[in-house]
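# Chain and residue survey
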Amino acid sequence: MKTYLIRRAIASVITFFAIITIVFLLARFTGDPLAELEDDPRMTPEVLATIKALFGLDKPLHIQYISFIENLFRGELGFSLHYMRPVAAVIAERLPYTLALLIPSITLSNYLAYKIGIECGWRRGSKFDIAMVTSSIFLRSVPYFWLAILFLYVFSVELGVTPLFGAMTPGNRPSLTWEWIADYLWHYALPFTVLVFRATIVRVLYIRNTLIDILGEDYITTAFAKGLPDKEVKYKHAARNALIPIITVLGLRYAYLIDGAILTETVFSYPGTGRLVYEAVVNRDYWLLQGVVVILASSVIVVNFVIDLIYSLLDPRVRYR
Amino acid sequence: MVSRLELSERMYTLRRSLNEFMFFLRHSRMTQVGIALLSAIVLMAVFADFIAPYDPYARVGNAMEPPSPEHPLGTNDMGQDILSELIYGARISLFVGFVAAISGTLIGTLVGIVAGYFGGVVDEVLMRITDIWLSMPMLLFTIFLASILTKLPSFTIMVSVILAIALTSWPGAARVVRSAVLGIKERPYIEAARAVGSSDARIMFRHILPNTVPILVVMVINRVAGAMLSEASLSFLGLGDPTAKSWGMIIHYAMIRNAVMLRMWWWFLPPGIMISITVLAVVLIGIGLEEYFNPRLRR
């Protein structure tokens, strides 16, 4: 167990440095990292000099790389031109909104996909199964952002039951009052629904096929042959084994949902890190974009590590490999 | 040089596999629908000049007109005909989709063949990189790459978009090709090739690569769907070429001009429907081809 943990931890650290290096090299080889800042009239020479010194931008590349990493561990991600504030501060303000969207939606969508997928696989070829498989293939072809626009149009514009934009009514400040929570949840409902809907529908097919594979295994035939009731075979023998592949790709699901959050938050003007990606692109705020990429990629690595831990607890075979 | 006998033999195998495919096609309704839809869209793209009622770049009406007999889908904020934009949009979406998918698959194939053929440390390192890249949020990095590549003076926006999609979408192909190569390289004729002193490069590209073609065809088709969706997402986020009218770009402009709030559904709904239909067509063909090459999947 301990060696397994250490191995996974080392792998995570390697992944982290690989990603950081890619980001660093890409950002450096595509132009002067100060170009946009220097061109901006609002920029004072003092701030420019501070950034230059902090990131060692007048020094050779390998020194720049080292100071880039040093700064990263100090939580220093550079300066956002658009917000005229440190990148880390901007991200810290936005990250809670995205995490509050992602964690519940990954949980709920996996649960729903599991329930529906098991049902489809168990009743393969039934009307329900065919309806789910067909809609899964169809909805996979629909652009994510357009699905979000469709939801916005139907529920916010035509029906008027959900707000048009934002995470709270303008002028409201986050507080722990019932009014604020109600207002927050009212704004939360639509982006959350889009994320869950899309993630569930894309997942169902995979779980269904996993279950169908499992149903072909010998131990299922044995379970039936020894006269177990269908229900017991379904839940205790088949469905339980379908859980393992679900957990192994949970990290990928998280990464996929980040992509979904970028598009969904943009459509609903939801002030999370996903929308921040869009804002950074539109405003050509490269430091901010780089910062968001580093933070979100790191969160993927952390999530993957935690999933590995859970997985090793659930499946003892992993620990002894 | 290819001898005449060899040539006629090749023609024969080609004709036979074509016949086999036609036989398969006759029984696969899904593939038929996919091919019919995609052909229709390709024809629309090719003959856009004749089909489109107006030049999509010309001001042919007032701004933001609702649908009318002259403009079946109304006009946009510039007074351009939306239906004409939609018809021309097929060109960009198909072009970017196919070119990005093919280049991405080529990168993946190269990585997969080298990793599978050489094995050992090379394999270990390449597959570790592949896995890292595979575990990352793909769209996030595509956005990052596209916005950074456009800064390079030698790259046009479209080239940057294609490159960004290709550079983030190769890991899937690399994994699949590698596992295929692992099986192929154990075959006797590879050993024979090595015995007569063929170089590694020759064995990889002359003897192994042709055997992965069926997988590659399926890979490319599946990637086209993903690449078209990525292109649409990038354009929607404002990373596309603002002068090229892709479907994603139409939605981008509709969004920043508040078409949703103004209930101008004829502006933002049709481009999304076009993307969905095209992607669906490609997905259906992909499912069909997979069943054709892997008969075990057939029902």
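Residues numbered from 1 in each chain as written. Chains lettered and ligands numbered in written order. Predicted model: local features only at pLDDT ≥ 70, side-chain atom pairs only at ≥ 80, totals over all residues. Heavy atoms only, no water.

## Focus on the overall build of chain B
Short version of the rule: A helix here means a DSSP run of H or I that spans at least four residues, while a strand means a run of E at least two residues long, and both kinds are numbered starting from the N terminus. Working definition: with a 1.4 Å probe on protein chains only, accessible area under 20% of the residue-type maximum means buried, over 50% means exposed, and in between means partly exposed. Two residues form a contact once any of their heavy atoms are found within 4.5 Å. Note on areas: Shrake-Rupley, 1.4 Å probe, and residue coverage restricted to the protein chains presented here.
A count of helices and strands for chain B gives twelve helices and zero strands. Beginning at the N terminus, the succession of helices and strands in chain B can be written as α-α-α-α-α-α-α-α-α-α-α-α. In terms of its C-alpha atoms, chain B occupies a principal-axis envelope of roughly 75 × 45 × 40 Å. Going through the 299 residues of chain B one by one, you find that 51% of them count as buried. Look at the contacts in chain B between residues 6 or more apart in sequence, and 69% of them connect residues 24 or more apart. As presented, chain B carries roughly 14,300 Å² of accessible surface, and 66% of it is formed by carbon and sulfur atoms.

## Some words on the overall build of chain A
For the record, the criterion: Working convention for charge: Lys and Arg count positive, Asp and Glu count negative, and His plus the chain ends are omitted. Every charge is mapped to an atom, namely NZ of Lys, CZ of Arg, CG of Asp or CD of Glu.
Helix and strand counts for chain A stand at 14 helices and two strands. For chain A, the spread of C-alpha atoms along the principal axes amounts to about 80 × 55 × 40 Å. Within chain A, buried positions represent 51% of all 321 residues. Once local pairs closer than 6 in sequence are excluded, the contacts in chain A between residues at least 24 apart make up 73%. Across chain A, 30 positive and 26 negative side-chain charges occur, with their mean positions spaced 10 Å apart.

## Considering the interface of chain A and chain B
Selection rule: A simple way to read buried area is as the amount of 1.4 Å-probe accessible surface that goes missing from two parts once joined, with both sides added. Definition used for salt bridges: Asp or Glu carboxyl oxygen within 4 Å of a side-chain nitrogen of Lys or Arg. Polar contact criterion, stated in full: a pair of N or O atoms within 3.5 Å, where within protein one must be able to donate a hydrogen and the other to accept it, and residues adjacent in sequence count only if both atoms are side-chain atoms.
Of the residues lining the interface, 46 residues belong to chain A; the matching set on chain B comes to 41 residues. Buried area between chain A and chain B, summed over both chains or domains, comes out near 4,100 Å², and the portion from carbon and sulfur atoms is 80%. In terms of surface lost to chain B, no three residues of chain A exceed Thr30, Phe145 and Trp146 of chain A, which account for 15% of the buried area on that side. Summed over the shared surface of chain A and chain B, the result is one salt bridge. One salt bridge connects Arg263 of chain B with Glu158 of chain A, and the closest N-O pair in it is separated by 3.4 Å. At the boundary of chain A with chain B, the tally comes to six residue pairs in polar contact (both at pLDDT 80 or more). Those elements that provide at least two residues to the side of chain A that touches chain B are helix H1 (2–29), helix H6 (127–140), helix H7 (144–158), helix H11 (250–267), helix H12 (273–282) and helix H13 (286–314) of chain A.

## Details of the packing of helix H2 (residues 29–46) of chain B against helix H4 (residues 82–118) of chain B
Residues and elements named next belong to chain B. To keep things clear, this is the line we draw: Here an axis means a line fitted to C-alpha atoms, over the contact stretch when the element is a helix, while the angle between two N-to-C directions is reported on a 0 to 180 degree scale. Comment on the angle field: the value is read as roughly parallel under 35 degrees, roughly antiparallel over 145, roughly perpendicular from 65 to 115, and oblique elsewhere. Each helix crossing is assigned a hand: it is left-handed if the near helix lies turned anticlockwise from the far helix by less than a right angle, otherwise right-handed if that turn is clockwise. Under this grouping Gly is polar, as are all residues other than the nonpolar Ala, Val, Leu, Ile, Met, Phe, Trp, Tyr, Cys and Pro and the charged Asp, Glu, Lys and Arg.
Running from N to C, H2 and H4 point in directions that differ by 110 degrees, and their axes come no closer than 8 Å. When the axis of H2 is compared with that of H4, the two are roughly perpendicular. Where H2 crosses over H4, the two elements pack in a sense that is left-handed. Taken together, the residues of H4 that come into contact with H2 (itself represented by Leu38, Ile41, Val42, Met44, Ala45 and Val46) are Leu86, Ile87, Ala90, Arg91, Leu94 and Phe98. Residue composition of the contact of H2 with H4, by class: eleven nonpolar, no polar and one charged.

## Structural notes on the packing of aromatic side chains
Each aromatic ring pair is specified by the distance between its two centres and by the angle formed by the two planes. Residues and elements named next belong to chain A. Convention followed: Centres within 6.5 Å are what make two rings of Phe, Tyr or Trp a pair, Trp counting through its six-membered ring; a difference in plane orientation under 30 degrees is then read as stacked, over 60 as edge-to-face, and the rest as tilted.
All told, the structure shown has 20 aromatic pairs over all chains when counted by the stated rule. With a centroid separation of 6.3 Å and an interplanar angle of 45 degrees, the aromatic rings of Tyr144 and Tyr256 are classed as tilted. Of this pair, Tyr144 sits in helix H7 while Tyr256 sits in helix H11, placing them 112 residues apart in sequence. Overall, the relative accessible area of 7% leaves Tyr144 in the buried class.

## Re the nonpolar core
Soluble globular proteins tend to pack their nonpolar side chains together in the buried interior. Defined as follows: What we call a nonpolar core is a set of buried Ala, Val, Leu, Ile, Met, Phe, Trp, Tyr and Cys residues that are connected through their side-chain atoms within 4.5 Å.
Residues Phe145 and Ile149 of chain A together with Ile143, Phe236 and Trp247 of chain B are the most contacted members of the largest nonpolar core, which totals 172 residues. In terms of residue count, the dominant contributor to this core is helix H8 (residues 178–215) of chain A (16 residues). Aside from chain neighbours lying at most four places away, what touches Phe236 of chain B is Phe145, Ile149, Leu263, Thr266 and Val267 of chain A together with Gly248, Ile251, His252 and Met255 of chain B. Counting eleven residues, the second largest nonpolar core, distinct from the first, contains Val177, Val181, Met204 and Ile208 of chain B.

## Notes on the confidence of the model for chain A
In plain terms, the rule: For every residue, the predictor reports its confidence as pLDDT, a number between 0 and 100.
For chain A, per-residue confidence averages 87 on the pLDDT scale, and 98% of positions sit at 70 or higher. By mean pLDDT, helix H14 (residues 316–319) of chain A is the weakest element of chain A at 70, and H7 of chain A is the strongest at 94.

## Topic: a nonpolar patch on the surface
All names here are of chain B. To keep things clear, this is the line we draw: Every patch collects residues that have over 30% relative accessible area and no salt bridge, joining them within 9 Å if they carry like charges and within 5 Å if they are nonpolar side chains (Val, Leu, Ile, Met, Phe, Trp, Tyr).
Together, Val42, Leu43, Val46, Phe47, Phe50 and Ile51 line one region of the surface with nonpolar side chains, adding up to about 590 Å² of accessible area. Counting residues per element, the nonpolar patch draws most heavily on H2, at three residues. Structurally, Leu43 is set in helix H2. The exposure class of Leu43 is partly exposed, given its relative accessible area of 49%.

## Thoughts on the pattern of salt bridges
Residues and elements named next belong to chain A. One pass over the structure, following the stated rule, counts 14 salt bridges over all chains. A salt bridge links Glu279 to Arg275; its shortest N-O distance comes to 3.2 Å. With Glu279 and Arg275 both in helix H12 and four residues apart, this pair spans about one turn of that helix. Among the residues examined, Glu279 registers a relative accessible area of 13% and is labelled buried. The buried category is assigned to Arg275, whose relative accessible area is 18%. Members of the salt-bridge network, linked through shared partners, are Arg94, Arg275 and Glu279.

## Considering unusual backbone geometry
Even without glycine at this site, Arg284 of chain A takes up a positive phi of about 50 degrees. For Arg284 of chain A, the position within the fold is in the loop between H12 and H13. Unlike most non-glycine residues, Asn258 of chain B shows phi in positive territory, near 60 degrees. Looking at the element boundaries, Asn258 of chain B is found in the loop between helix H11 (247–256) and helix H12 (265–293).

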